[in-house]
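A structural walkthrough
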Amino acid sequence: PPMERSVKLSVATRLASDRHLPELALTYLDEAEAEMSPERKSELEPLLGALRNQALTAKARDMIFDGEADAGFELAQELREKNPFDPTLTWLVGSHLKTKGQTDEAIPLYAELSALPLMQAAVVQDAAYQARETETPGETLSKLWTASEKWWTPRAPVGMVPVA
């Protein structure tokens with residue numbers, strides 16, 4: 001039934017776009033895809049892939065913050081390999097590494113979020129970020145950087161004179 005398939009795709013789109021109830025979004029997406037002809041599925045592949053990525057990102061986020069941190073972290077890392085410039089995935093991976101005390105691994109991720117123009121703004125606008133963080137990725141980077149012995153030392157670089 002085309003109308004039923006359309007409704008399932010609409011529900012999946014809304015849930016995935018809002019990054020809300022990711023398991024339900026994936027269920028509706030799977031059902032809608034199963035009812036599509038191969039031609040229609042091929043036409044909609046970019047949209048279907050983006051919706052699946054949004055739902056899986058929300059699933060990883062929920063897992064990380066709701067008691068399945070290691071499994072959620074693995075999912076977020078896997079998704080980030082396919083979408084290296086997704087700010088939410090970069091923040092999820094970096095945040096988990098920071099929580100686990102893996103500062104040296106978290107620093108490059110927070111540096112990406114701080115240095116690339118719209119990434120920090122995108123993360124700060126994310127509702128999950130707003131519920132859990134009180135500082136920007138740049139502020140977190142600064143704290144991690146100064147706490148790290150690998151990335152920063154209090155000595156002045158060669159050729160520079162410390163200000164007294």
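Here's a quick rundown of the structure.

Observations concerning helix α6 (residues 87–99)
- For α6, built from 13 residues, the straight-helix expectation of 18 Å at 1.5 Å per residue is met to within 8% by its first-to-last C-alpha distance of 18 Å.
- If you check which residues of α6 are buried, you get Pro-87, Thr-88, Leu-89, Thr-90, Trp-91, Leu-92, Val-93, Gly-94, Ser-95, His-96 and Leu-97.
- The backbone nitrogen of Thr-88 lies 2.9 Å from a side-chain oxygen of the residue at the head of α6, namely Asp-86.
- Positive backbone phi, approximately 80°, marks Gly-101, located one or two places after α6.

A look at the pattern of salt bridges
- For the structure on display, the rule yields eleven salt bridges.
- Of the charged contacts, one joins Lys-8 and Glu-4 as a salt bridge, the two residues approaching to 3.1 Å between their closest N and O atoms. With Lys-8 and Glu-4 both in helix α1 (residues 2–18), this residue pair falls four residues apart, about one helical turn.
- Residue class for Glu-4 comes out partly exposed when judged on its relative accessible area of 39%.
- Its salt-bridge partner being Glu-23, residue Lys-59 comes within 3.0 Å of it at the nearest N-O pair. Highlighted residues: Lys-59 in helix α4 (residues 45–65) and Glu-23 in helix α2 (residues 22–34), separated in sequence by 36 residues.
- The structure contains a network of salt bridges with shared partners spanning Glu-4, Lys-8, Glu-31 and Glu-35.

About the thresholds
Residues numbered from 1 in each chain as written. Predicted model: local features only at pLDDT ≥ 70, side-chain atom pairs only at ≥ 80, totals over all residues. Heavy atoms only, no water. Helix = DSSP H or I, 4+ residues; strand = E, 2+ residues; numbered from the N terminus. Expected span 1.5 Å × (residues − 1). Buried < 20%, exposed > 50% of the residue type's maximum accessible area, 1.4 Å probe, protein only. Polar contact = N/O pair within 3.5 Å; in protein donor to acceptor, adjacent residues only side chain to side chain. Salt bridge = Lys/Arg side-chain N within 4 Å of Asp/Glu carboxyl O.

None of this, on its own, says anything about what the molecule does.
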